[in-house]
Amino acid sequence: MPTLEKSQLMSATEIDRTLQRLAHEIVERRGGTVNLALIGVRRRGVPLAQRIAHAMRAIDGVDVPVGTLDITLYRDDLSMVAPQPVLQSSEIPFTVDDKDLILVDDVLYTGRTIRAAMNGLFDLGRPRRVQLCVLIDRGHRELPIEAAFIGRTVQTSDTEIIEVRLAEVDQEERVMLVDRVS
Amino acid sequence: MLLLRGGRLLDPASRTDATRDILLDGERIAAVEPPGTLNGRAGNAQQVDASGLVVAPGFIDLHCHLREPGGETSETIETGTLAAVRGGFTAVCPMPNTRPVNDNASVTRSILERAQAAAHTRVWPIGAASIGSRGEALSEIAAMQKAGAVAVSDDGKPIATAKLLRQVMDYCRSLGMPVIDHCEDVSLAAGASMREGPSSVRLGVRGMPAATESICVARDIQVAELTGCRFHAAHLSTRASIELVRAAKRGGLPVSCEVTPHHFTMIDEEVGYDTHRKMNPPLGSREDLEALVAGLADGTVDAIATDHAPHERSTKEVEFDRAPFGITGFETALSLALELVHAGRLGLMRMVELFTSGPARVLGMRRGVAPGEVADLTLFSTSHAWTYRAADSASKSRNTPFDGRPFRGAPMLTIVAGRLAYRR
Amino acid sequence: MDIVPDRFSDLLAIEPLKAAEIAFLLDQSVPFQEIQRHPLKKLATLRGKTVGLAFFEASTRTRISFGTAASRLGADVMQLQAESSSLKKGESLLDTVRTLDAMKPDCIVMRHASSGAPEFVASRLEIPVINAGDGTHEHPTQALLDALTIRDRLGRLEGWNVTIVGDILHSRVARSDIHLLSKFGCRFTLCGPAMWLPRELENLTTEGVPIRRETNLEESLSGADIVIVLRVQQERLHEPALPLDEYILLYQLTAERLRNARPGALVLHPGPMIRGLEIDPVVADSPQSCVLEQVTNGLAVRMAILFELIGHGSDANPAKDPAHAAS
């Protein structure tokens, strides 16, 4: 799908600084890392969660467990996905029962991905609490879902797209605002 | 009167291959002369320009199914013979597996009455060898012969036992009737839908080995030797069977055989699960096909016969193993045989023999183009390009694997008893 | 995940599939294996979709497996059972299937006693058809679940020595297994009574892998990494039966005979097993036996197939960017 870059929202350094700040914010507001676990939503939520956990180790000296969640099976909008959705596994190597979970994703938009993620989590057990951490909140919610921890809030229009590129997935690192070209 | 001008006459009986004008008077051939010399005698005869065409004696199909009486939803004598005449046939021999089975004179007569009223070709019925073709007791063979039957068979099935076959052959020898057998060992064929081989194993379909046919051919040849009766093996499909017939002929035995166009055109690998390629005997291996073609060329095979077997569409539109056996064949027979001629595997005169004097000899008749002979003639082109479309068939049924096949060469005019019965 | 094959429109047979496509289907089965371990096994992925089960041949296990796979994905199930089918009343297969189709299922899972029947049906229906076993031709999901089991136990599919024991000529499981594993370079020894071991089996696939026939069970097990034991059908139409005691004498897989195979060789069986007939109970319950995993994997594979064939809407809406539309 052809797009036209409008502006760069975050550089590599800015991404890194934001993730550090988010890690601090989470630890501070919760008063520590006890019983905490991060769940990265595939695809780009996963490296973000891993980096935040890494930053937390530097802060608190503790290894916060990280799981990955593939939400394809829980989507309510499979028709919107590519004609041949490819499944990946979820890997959550700890029990979610009674845990304080933080879902981590790159962009929060309509809220449907997070709703699907919550369906997936609750199939696994009963967390004590679930909060949401995102790199970018771009508004236009269609469901009553909010993030407790936000990297940056950006006003966007419907024709615009936020593209997040992360080194682990894309071999480059930045966040752009692009326009759909019809 | 009908004057056929400038055609290439191919008459196996007189070994003629020459351009000739042919004058037909009533139901007989009046004269056969070099071109241009008959204009005086022709007077105001209807003139037919036969230049560029081959003129042959009228084709005979020794083996077909017209389904009437009893199976009229798939074919009638009228529609079947219309398809036959379009295929260049002037006479057809319908097998007795109708409902009721043609095992007595009154059924034979009713078939002939129907043919008299509605058929486009001559109809020479083959009577059942046993009552109901049940393989137990002899049918009224002499009465059927008097009524007009030309041979006996229990086609659809083999004549059930050697003992019954012997009785039938002894009896038919005294009547001068040939016995035609659908050669099959019933125990090997039970439940099978195709030839046993790499395809049947891959597709998971029960198959019958080639020996299914040749075991019965061997039996029948020996009983023919025992009785001295003329024996004709129907629709042979295997190398082994051809070899048995070749050896029997060398030994001077009164044995003949026929091959269908689909058996000399297609093999088992082409079947898949297509019910329009399912027939009995089933399509054989490449090796079988080569042996059949060699037998057609060297005289081991006496006739090409269609085994035209129409089936209503819904009966064939089922799972492969449930579908009935059989495909149609009148309208494509000549064009498929011409494919062998074009490929240099069969001579043109030999091909004509296989459709004319060959089958006639099996029935103890003559076929030739000469003054006094019957005015049955088949005129065909060896070059006319056309595509066979099942939807346009004159048959009521559409069960053919050749739909959409392009051909080079076709029947163009068919003359039966001096009448122009078909013109393309 | 670089290559996503073209959308599968039916699953009729293993023979035409490429190794990459098979590997893709096995990979897609892994998340469904994982789901079986959840306390809550029900998803809403296929909610609103209907799976039609048209079983014209009696089968409890496969039918239940497909039915469970559909329900765990949240789909509804429409059932046709041979015993009560109108086929007995003379209705043709085509009419029966068209009647089912008129109730608008999203796909049909079909088992039939005639080889080629699912292909016959698939060519006449718009919706996907999944072959759950046709005559003696193929049983694709069985081969896939066998492959998944092998891959999980041995780490890979490539290059194993596979011995298949039983009535190979009449086995659709054997054919599908041979087609699948030959695409991964496995080598085969087919073992059973001679009348069920025709020469043509050696050329069953065009993959060029060695397939040899052997009527002696001990010989056939030598060097085997994987042993697939087939069921014995007591009575077969048009075939004189082999006395069962003969079969047990020559072909029962006992622990002692299994020792001819490589140590730790896997034992697979498509089920249902008749303990004491084709397999000794000791072997059936040994650590080498994979029968229970085969059942679990059967569920995962069938869920993956259903997801693959009907787990999407119509073609992606071009107005919505698939990567970011619904974050």
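Residues numbered from 1 in each chain as written. Chains lettered and ligands numbered in written order. Predicted model: local features only at pLDDT ≥ 70, side-chain atom pairs only at ≥ 80, totals over all residues.

### Thoughts on the overall build of chain A
Along its length, chain A carries 4 helices and 8 strands. Starting at the N terminus and walking to the C terminus, you meet the elements of chain A as β-α-β-α-β-β-α-β-β-β-α-β. Considered along the principal axes of its C-alpha atoms, chain A spans approximately 50 × 35 × 30 Å. Expressed as a percentage of its 182 residues, the buried residues of chain A come to 38%. (Helix = DSSP H or I, 4+ residues; strand = E, 2+ residues; numbered from the N terminus. Buried ≥ 20, exposed ≤ 12 C-beta atoms within 10 Å, placed from the backbone.)

### Section: the domain arrangement of chain B
Residues and elements named next belong to chain B. As far as domains go, chain B holds domain 1 (2-54 + 373-423) and domain 2 (58-362). Just the C-alpha atoms count here: the centres of domain 1 and domain 2 sit 26 Å apart. Counting from both sides, the interface comprises 30 residues of domain 1 and, opposite them, 42 residues of domain 2. Of all the secondary structure elements, the ones that give two or more residues to the side of domain 1 that touches domain 2 are β17 (377-387), β18 (406-416) and β19 (419-423). Looking at the side of domain 1 that touches domain 2 element by element, the count peaks at 8 residues for β18. Looking at the side of domain 1 that touches domain 2, its residues break down into 16 nonpolar, 9 polar and 5 charged. (Domains from an automatic or database assignment. Contact = placed C-beta atoms within 7 Å. Nonpolar A, V, L, I, M, F, W, Y, C, P; charged D, E, K, R; others polar.)

### Looking at helix α9 (residues 239-250) of chain B
Residue and element names in this part refer to chain B. For α9, which comprises 12 residues, the first-to-last C-alpha distance of 17 Å matches the rise-based estimate of 16 Å (1.5 Å per residue) to within 8%. Of the positions making up α9, those classed as buried are R239, S241, I242, L244, V245 and A248. The elements touched by buried residues of α9 are α8 (211-227), β14 (231-233), β15 (255-259) and α10 (286-298). Two residues or fewer after α9 comes G252, characterised by a positive phi angle close to 80°. (Expected span 1.5 Å × (residues − 1).)

### Considerations on the sheet that holds strand β8 (residues 226-229) of chain C
All names here are of chain C. One open sheet accounts for 5 strands, arranged β7-β6-β5-β8-β9; its pairing is parallel. A strand with exactly one partner marks an edge of an open sheet, and here the two such strands are β7 (211-214) and β9 (266-268). Neighbour-to-neighbour, the strand axes of the sheet open up by a mean angle of 20°, direction not taken into account. Pairing analysis gives 4 bridges linking strand β5 (residues 161-165) to β8, with the strands arranged parallel. Directly across from V162, in β8, lies its bridge partner I226. (Pairing = 2+ DSSP bridges. Axes fitted to C-alpha atoms, helices over the stretch in contact; angles between N-to-C directions.)

### Some details on the environment of C:L249
When you line up the elements, C:L249 lands in helix α8 (residues 244-251). Distance from C:L249 to C:E278, taken between C-alpha atoms, is 9.8 Å for residues 29 residues apart in sequence.

### Examining the packing of helix α1 (residues 19-35) of chain C against helix α5 (residues 140-154) of chain C
All names here are of chain C. The interhelical angle for the contact between α1 and α5, taken along N-to-C directions, is 70°, at an axis separation of 10 Å. Classified by the interaxial angle, the pair formed by α1 and α5 is roughly perpendicular. The segment α1 lies against α5, with I22, L25, L26 and S29 engaging L144, A147, L148 and R151. Tallied by class, residues from the contact of α1 with α5 come to 6 nonpolar, 1 polar and 1 charged. (Parallel < 35°, antiparallel > 145°, perpendicular 65-115°, else oblique.)

### So, the interface of chain B and chain C
Contacts between the two partners involve 17 residues from chain B and, on the opposite side, 22 residues from chain C. A per-class count over the side of chain B that touches chain C returns 8 nonpolar, 3 polar and 6 charged.

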